[in-house]
Amino acid sequence: MEAANKLRPKSKKRKIVAYVESYDDIFFWRDVLSEFEDESTEFEVMLPSKTNLNRGKKTAMMNKLGENLGNWMIACVDADLDYLLQGHTPNSMKMLENPYVIHTYVYAIENLQCYAPSLHNVCVMSTLNDRNIFNFEGYLKMYSEVIYELFVWLIWMHRKGRFSEFPLSNFNNIVTIDQLNIYKPAEALEKVRKNTNRKVAWLQHNVTDAKGKLSPLKAELATLGLRPDNTYLFIQGHHLMENVVDSALEPVCTILRREREKEIKRLSGSNTKQMDNELACYSHSQCQPNMMIRRNTQFKDCDIYQMLRANVKRVVERKEDIEEKGEDTKEKSEA
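Bear in mind the structure is a predicted one, so any value in this text is a computation, not a measurement.

Participant: Honestly, the pattern of salt bridges in this entry has me stumped. Any pointers?
Facilitator: Oppositely charged side chains can pair when the atoms bearing their charge come close. Going through the model one piece at a time under the given rule, you end up with 16 salt bridges. A salt bridge links Glu259 to Arg131, with the nearest nitrogen and oxygen atoms 2.2 Å apart. With Glu259 in helix H12 (residues 237-268) and Arg131 in the loop between helix H7 (119-127) and helix H8 (136-159), this pair connects stretches of sequence that are 128 residues apart. Residue Glu165 is joined to Arg162 by a salt bridge in which the shortest nitrogen-to-oxygen separation is 3.0 Å. Residue Glu165 is classed as partly exposed on the basis of its relative accessible area, which comes to 41%.

This is how it looks when you write it as structure tokens:
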């Protein structure tokens, strides 16, 4: 890519290839990177291989072209837990030390798509009904506070390499929302609280070498962006979307959809043909919430997203600095 870019006229845009993990990531990263395109720079977002169907984080960072990540080729990946592990595992170290790997900081793109202040807009996009009947921000704030202590334990155990003693799958099972009543969300959250408290008590009793270590870890994690009120952004993204957010999103959208249909029936009066036409029109205009949330881009005021944005900016500015140095070197050699 560097050689190809050198052959282009100076007036033509320079292309930076961005490898991503999967099909869903293409739209997300295209939206993120578009902000940094100008008259001199453009991005092409693609899967990490054109010769096979291999996908995923390791492929994006380690395929044959990816081994040469640099000014013209970058990898855009989910952070997973690697960001919070801060180099305590080989994968974490590899991701954090490579300046051409841009990661989400939160666990995955799904966490940003589930950004609490944006979820009402997802309901509106899905149902075309703007009535606000559920406090998504309060729900995810309470959920985060309930699971925070256990999540800190998870990070401590994984930093110590003790994955089998407290696997991520075990954590996910404990913090799953079961049978949420959107009119009484506290009941489902209380079940999660009891489960997390039980596991925390077990860890405190059985993992005695962690005594006195969690408070300093909490302080460090706070500098990385993790707080008791935003823990949901750092847990596994698919689990968050499917087992926490969808538990509220689906029933809320169902209620809003039925409200709109009732309104159409009421306003049509005895005109059955008009009612049928309007209901058909409404049906064709709405979309399923699980599709809309994957196209959600209303997360850009999230403070963690600003960290991601700053990382992209550093990569773009690094390319520009190297280009300027290259031009200076060329001019000196010609002189």
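There is more to say, and it comes next.
Participant: Looking at this structure, I do not really get the side chain of His158. What am I missing?
Facilitator: Assignment of secondary structure puts His158 in helix H8. For His158, a relative accessible area of 6% translates into the label buried. From its side chain, His158 meets the backbone oxygen of Phe166 in a polar contact 3.0 Å long. Once you skip the residues sitting within four places of it in the chain, His158 turns out to touch Leu81, Leu85, Thr89, Phe163, Phe166, Pro167 and Leu168.

Participant: I'm lost on the nonpolar core in this one. Help?
Facilitator: A general tendency of soluble globular proteins is for nonpolar side chains to be buried together. Trp29, Tyr143, Phe151 and Phe171 are the most contacted members of the largest nonpolar core, which totals 101 residues. Apart from the residues within four sequence positions on either side, Tyr143 is in contact with Val175, Ile177, Leu189, Val192, Tyr232, Ile235, His239 and Val244.

Participant: So what exactly am I meant to see when it comes to the sheet that holds strand E2 (residues 41-46) here?
Facilitator: Strand pairing within a sheet occurs via backbone hydrogen bonds; the two strands may be parallel or antiparallel. With parallel pairing, four strands are arranged side by side in an open sheet as E2-E1-E3-E4. The open sheet is flanked by E2 and strand E4 (101-103), the only strands paired with a single partner. Geometrically, the sheet is characterised by an average inter-axis angle of 30° between neighbouring strands, direction not taken into account. With six bridges joining them, strand E1 (residues 14-20) and E2 adopt parallel strand pairing. Counterpart to Tyr19 in the pairing with E2 is Met46. Taken strand by strand, helix H2 (residues 23-34) contacts E1, E2, strand E3 (73-77) and E4, and its axis lies near 170° from that of E2.

Participant: Please clarify how empty space enclosed by the protein should be interpreted in this entry.
Facilitator: If a probe as big as a water molecule is rolled over the atoms, it shows which places are left empty. Across all of its chains, the model carries one cavity of 30 Å³ or more by this definition. Roughly 30 Å³ of volume is contained in the largest cavity. Lining the largest cavity are His120, Cys123, Arg131, Asn132, Ile133, Phe134, Phe136, Val252 and Leu256. Taken together, the elements giving at least two residues each to the lining of the largest cavity come down to H7 and H12. In the lining of the largest cavity, the residues fall into six nonpolar, two polar and one charged.

Participant: Help me understand the state of the cysteines, please; the structure alone is not making it clear to me.
Facilitator: As used here, a disulfide is simply a covalent bond connecting the sulfur atoms of two cysteines. Applying the stated criterion across every chain, the model contains zero disulfides. Looking at the unpaired Cys123, the closest cysteine sulfur is the one in Cys253, lying at 3.9 Å. By relative accessible area, Cys123 is classed as buried at 1%.

Participant: Before we go on, may I ask you to explain the environment of Ala248 in this structure?
Facilitator: With respect to the helices, strands and loops of the structure, Ala248 is situated in helix H12. With 69 residues separating them in the primary sequence, Ala248 and Gln179 have C-alpha atoms 9.7 Å apart. Residues in contact with Ala248, not counting those within four places in the same chain, are Phe134, Phe136, Tyr139, Leu180 and Ile182.

Participant: What's the story with the packing of aromatic side chains in this structure? I'm lost.
Facilitator: For any pair of aromatic rings, geometry is given as the distance between the ring centres together with the angle between the planes. Evaluation of the coordinates by the stated rule reveals nine aromatic pairs. Summarising the aromatic geometry, the rings of Phe28 and Phe299 are spaced 5.4 Å apart at their centres and angled 25° between planes, so their arrangement reads as stacked. Here Phe28, found in helix H2, pairs with Phe299, found in the loop between helix H14 (289-292) and helix H15 (303-334); they are 271 residues apart in sequence, far enough to count as distant. Accessibility classification places Phe28 together with Phe299 in one group, the buried group. Ring plane angle 65° and centroid distance 5.4 Å describe the contact between Phe299 and Tyr305, whose orientation is recorded as edge-to-face. Following the ring pairs from residue to residue traces out a cluster consisting of Phe28, Trp29, Phe299 and Tyr305. Sitting above the plane of the Trp202 ring, Lys199 keeps its charged end 4.5 Å from the centroid.

Rules and cut-offs
Residues numbered from 1 in each chain as written. Predicted model: local features only at pLDDT ≥ 70, side-chain atom pairs only at ≥ 80, totals over all residues. Heavy atoms only, no water. Salt bridge = Lys/Arg side-chain N within 4 Å of Asp/Glu carboxyl O. Helix = DSSP H or I, 4+ residues; strand = E, 2+ residues; numbered from the N terminus. Buried < 20%, exposed > 50% of the residue type's maximum accessible area, 1.4 Å probe, protein only. Polar contact = N/O pair within 3.5 Å; in protein donor to acceptor, adjacent residues only side chain to side chain. Contact = heavy atoms within 4.5 Å. Core = buried A, V, L, I, M, F, W, Y, C linked by side-chain atoms within 4.5 Å. Pairing = 2+ DSSP bridges. Axes fitted to C-alpha atoms, helices over the stretch in contact; angles between N-to-C directions. 1 Å grid on protein atoms, 1.4 Å probe; cavity = no way out; pocket = protein on both sides within 12 Å on 5 of 7 lines; lining within 4 Å. Points joined across faces, edges and corners; volume = space filled by probe spheres on them. Nonpolar A, V, L, I, M, F, W, Y, C, P; charged D, E, K, R; others polar. Disulfide = S-S within 2.5 Å. Phe/Tyr/Trp six-rings, centres within 6.5 Å; stacked < 30°, edge-to-face > 60°. Lys NZ or Arg CZ within 6 Å of the ring centre and 35° of its normal.

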